[in-house]
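Listed here are the chains, written in short residue letters.
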Amino acid sequence: MKSKLVFATNNAHKLEEVSQILGDNIELLSLKNIDCNDDIPETADTLEGNALLKARYIYDKYNVNCFADDTGLEVEALNGAPGVYSARYAGGEGHDSEANMNKLLAELKGNVHRNAQFRTVIALIIDAKEYLFEGIVEGSIITDKKGTAGFGYDPIFIPEGYDKTFAELGNEVKNTISHRARAVHKLCKFLNSIQ
């Protein structure tokens, strides 16, 4: 019998991406599948902290095995900013990708040091035991937006070893080399080892 695992998200793209990597052994459920419409707090000051907050919230309230993720863009010249605040970097309500990118580009204006990395942390809780998995992709921030695929900071981030942004590479390539893919592969390897 397939084991069930809740992914603390309602992002259909994330669900599909993770589901493909996990394969047939596990039935992946979203927050919608367990009737969770709560606005889960993300008040920690680290990616690890936010991922754990979300996973613990679901585990404690619904008593189901689950995992949650948090992702940030960490720019070397900005001492790791925007980091945990990546989605809300420009302030205001919600996730305004354009405003976030514009703020980041303005802060790096004239700076030749443009090294950055995307980092995803996944917090997994199975039978009250907690595990963390991390995925990192290094690269650099360009000066102008390029490409239309993806989301967030994808149009200004070129992964190491490539000459195109995540937004130009498209989801098929991005999903094989991204920070989230790397963290999910570690998660899958672990889950398969305990099946």
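Chemist: Help me understand the pairing of strand β5 (residues 115–126) in this model?
Modeler: On a regular strand, each side chain points to the face opposite its neighbour's, so the side chains alternate between the two faces of the sheet. The buried fraction of β5 amounts to 11 of the 12 residues, a majority that puts the element mostly inside the structure. Where strand β3 (residues 66–75) and β5 come together, 10 bridges link them in antiparallel fashion. Bridging from a neighbouring strand, T71 pairs with T120 of β5. In this sheet, strand β6 (residues 129–141) lies alongside β5 in antiparallel orientation, the contact comprising 12 bridges. What sits directly across from L124, in β6, is Y131.

Chemist: Looking at this model, I keep getting lost on the packing of aromatic side chains. Mind explaining?
Modeler: Given two aromatic rings, one states the distance between the centres and the angle between the planes to describe the pair. Within this structure, the stated rule accounts for six aromatic pairs. Summarising the aromatic geometry, the rings of Y131 and F190 are spaced 4.5 Å apart at their centres and angled 45° between planes, so their arrangement reads as tilted. Here Y131 is found in strand β6, whereas its partner F190 is found in helix α5 (residues 179–193), with 59 residues between them in sequence. Look at F190 and you get buried, because its relative accessible area is 19%. Pairing F133 with F190 gives two aromatic rings, centres 5.6 Å apart and planes at 50°, and the pair type is tilted. Linking F133 in strand β6 with F190 in helix α5, this pair joins segments that are 57 residues apart in sequence. These aromatic residues form a ring-pair network of at least three members: F118, F157 and F166. Across the ring face of Y89, the terminal group of K103 is positioned such that the distance to the ring centre comes to 4.4 Å. A cation over an aromatic ring shows up here: K174 above the ring of F151, its NZ or CZ 4.5 Å from the ring centre.

Chemist: Would you take a moment to explain the nonpolar core for this structure?
Modeler: In this structure, L73, V75, L104, I141, Y153, I156 and F157 are the most contacted members of the largest nonpolar core, which totals 20 residues. Of all the elements in the fold, those that place two or more residues in this core are β3, α3 (97–108), β5, β6, β7 (157–159) and α4 (166–177). Residue contributions to this core peak at four residues, all from α3. With sequence-adjacent residues up to four places away left out, I156 is seen in contact with M101, L104, L105, S140, I141, I142, D144, K145 and T165.

Chemist: Explanation requested: the pattern of salt bridges in the structure shown.
Modeler: It is possible for side chains bearing opposite charge to pair when their charged atoms get close. In total, this model carries nine salt bridges according to the counting rule given. Put simply, D69 and R180 hold a salt bridge, and the shortest N to O gap is 3.2 Å. Of the two residues, D69 is situated in strand β3 and R180 in helix α5; the sequence distance between them amounts to 111 residues. By relative accessible area, which is 6% here, R180 ends up buried.

Rules behind the numbers
- Residues numbered from 1 in each chain as written.
- Predicted model: local features only at pLDDT ≥ 70, side-chain atom pairs only at ≥ 80, totals over all residues.
- Heavy atoms only, no water.
- Buried < 20%, exposed > 50% of the residue type's maximum accessible area, 1.4 Å probe, protein only.
- Helix = DSSP H or I, 4+ residues; strand = E, 2+ residues; numbered from the N terminus.
- Pairing = 2+ DSSP bridges.
- Phe/Tyr/Trp six-rings, centres within 6.5 Å; stacked < 30°, edge-to-face > 60°.
- Lys NZ or Arg CZ within 6 Å of the ring centre and 35° of its normal.
- Core = buried A, V, L, I, M, F, W, Y, C linked by side-chain atoms within 4.5 Å.
- Contact = heavy atoms within 4.5 Å.
- Salt bridge = Lys/Arg side-chain N within 4 Å of Asp/Glu carboxyl O.

Read these as geometric descriptors, not functional statements.
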